[in-house]
Amino acid sequence: MSMNRIGFLLLFHLEPRGAGGEVNTRAEQTPAPLSPPEKLVTADTVICSCTAAFQFLLNLNVSQFFSPFRYQSSVWHRRKTAVNGVSHRGKVLTLDSMNPNVKRVEYAVRGPIVQRAVQIEKELKEGVKKPFTEVIKANIGDAHAMGQKPITFLRQVLALCSYPELLEDNMFPEDAKKRARRILESCGGHSIGAYSASQGIECIRQDVARYIERRDGGIPSSPDNIYLSTGASDAIVTMLKLLVCGEGRSRTGVMISIPQYPLYSAALADLGAVQISYYLDEDKCWSLDVAELRRALNAARQHCNPRVLCIINPGNPTGQVQSRQCIEDVIRFAKEEHLFLMADEVYQDNVYAEGCKFHSFKKVLFEMGPEYSSTVEMASFHSTSKCYMGECGFRGGYMEVINMDPEVKAQLTKLVSVRLCPPVPGQALLDLVVNPPQPDEPSYTTFMKERTAVLAALAEKARLTEETFNTVPGITCNPVQGAMYTFPRITLPQKAIDKAKEEGQVPDMYYCMRLLEEEGICLVPGSGFGQREGTFHFRMTILPPTEKLKVVLQKIREFHLRFTQEFS
Ligand SMILES: Cc1ncc(COP(=O)(O)O)c(C=O)c1O
């Protein structure tokens, strides 16, 4: 099953909460008969790649489970302690003994509000009466989950790659077949079920490099600097892993924007890195100001070693598109302060506002001349999950590294090889994204029609969202210049803030929970992304189909007015 990298992680008697950790003081017990192994398995089975499952357990500090000695002793331990089903030694893995960094990880996009949304959906199915008939999940940037149709060409080629007998079928266009044959020829055993090279399939890395060159007006890109990844998330975490080291005041500090996409804070917590927050300027369309970068950096130097600057452009959750000038200023700052740049550009095709344009960090870096292009170290990230494709489930992505020390690059290659390879279907999909149908090919017209329709609908929804929110007293919304989200500011009455405190919730969580319970709309509270003290926001995706989005906006409007009235 290497194709989809699926495995099963069976969680043998993992405690749902911290176990008591008692120690067995009675030295001799009558050995009880061993239960058959299947009886030891509680129902917690998680589907994931085998490598990922192993990694997961390592993170929880339980690698010792796998040593033969430990296995022997755990059998003996079960014999000694299973009398009357009562354990006398407690669990090896408890909330107290597990990796503390994992406990610090938070991920609001799939947090408590989403868990409650799932529960409400179940209640609706069971016939529980609610003031609404469906839950609309506008919490996550998952286009297909919100009803977006796949791009025909992409799925045709993937179907052909998955089931090559279809290459004989007349319903598939010749260019789709040609692509599928090329991909299959580069796979082990001509099957996307084989592992690939850890860095990714060679010819796909070549296609990615050519795509970057075209995008950046001919600035060279080498396939050797391209690493294919399991979505952009995987590459971002891998890069951070390479960068984070040191102890105490010399621990690596990583600069991230606030509001931020919580992958970053979660990864930093997991790695025990120091998060250095720099604030985007809400009053200036969430723009990035170098003076604010400098303030954050200088303050952080007191307690850590700042070495990395992360930028998301176009921005999530704030939807801003950085100007060329701003990118140039950031690059100059990174050089001056000797920082490694991480440019998250997964929304590079999602630019809607007039006068805004996507500029890649790499292009600007090279246009600034050799003083910068040959010195500033950088990694940039892209993904198949966003833009017009929205193919999140295939987990395709890549990173390009620039000016990386060759010895570190060898370490990076070693690190990614531990995971064997990114999903091969995701790599195949990425190949089509970076190498789409050309004007003289049969699929071109349909491909362009579908691509343009998705992006035009997103642009329309971006405009509609901003306009509608700005008509609601107490909601202020910056233009959604790009990406897939809006992050409007909500003014909450003091009584609502007090009520939230009484309920033990942060005010915007209280607001979003009430919205979910009363209107069936699932948003993410601004506190999950970070925001200036005393301000409140929520993040909403603009992905629901236009008609549904209009309903969502109307319901939020009515709720907001009702909520404000209630606490005034
Ligand atoms: C800014 C940003 N970076 C990275 C990701 C991760 O995307 P994926 O791992 O699906 O490629 C997301 C997903 O929403 C994102 O918004």
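The structure presented is a predicted model; accordingly, all values stated were derived computationally and were not measured.

Participant: How would you sum up the pairing of strand β10 (residues 396-402)? Please name residues and give values.
Facilitator: One face of the sheet, then the other: side chains in a regular strand alternate in exactly this way. Within β10, seven of the seven residues are buried, which leaves the element mostly enclosed by the surrounding structure. Inspection of the sheet shows strand β4 (residues 226-230) paired to β10 by five bridges, in the antiparallel sense. From the neighbouring strand, S229 faces β10, where its bridge partner is G397.

Participant: Can you lay out the packing of helix α6 (residues 152-162) against helix α16 (residues 424-434) for me, pointing to particular residues and giving the numbers?
Facilitator: Where α6 meets α16, the axes come as close as 10 Å, and the angle between the chain directions of the two elements is 140 degrees. What the angle tells us is that α6 and α16 run oblique. As for the relative orientation of α6 and α16, their crossing is right-handed in sense. Residues F153, L154, V157, L158 and C161 of α6 form the contact with α16, whose own contacting residues are P425, A428, L429 and L432. A class-by-class count of the residues in the contact of α6 with α16 yields nine nonpolar, no polar and no charged.

Participant: I'd like a description of helix α19 (residues 507-519), backed by residues and values.
Facilitator: Between its first and last C-alpha atoms α19 spans 18 Å; for 13 residues at 1.5 Å apiece the expected length is 18 Å, and the two agree. What α19 keeps buried is the set P507, D508, M509, Y510, Y511, C512, L515, L516 and E519.

Participant: How would you explain the site of the ligand if you had to name every residue and give the values?
Facilitator: Near the ligand, the surroundings consist of 14 residues, among which G231, A232, S233, S383 and S385 are the closest. Tallied by class, the residues present in the shell around the ligand amount to six nonpolar, seven polar and one charged.

Calculation notes
Residues numbered from 1 in each chain as written. Predicted model: local features only at pLDDT ≥ 70, side-chain atom pairs only at ≥ 80, totals over all residues. Buried ≥ 20, exposed ≤ 12 C-beta atoms within 10 Å, placed from the backbone. Helix = DSSP H or I, 4+ residues; strand = E, 2+ residues; numbered from the N terminus. Pairing = 2+ DSSP bridges. Axes fitted to C-alpha atoms, helices over the stretch in contact; angles between N-to-C directions. Parallel < 35°, antiparallel > 145°, perpendicular 65-115°, else oblique. Left-handed = near helix turned anticlockwise from the far one by under 90°. Contact = placed C-beta atoms within 7 Å. Nonpolar A, V, L, I, M, F, W, Y, C, P; charged D, E, K, R; others polar. Expected span 1.5 Å × (residues − 1). Near = placed C-beta within 6 Å.

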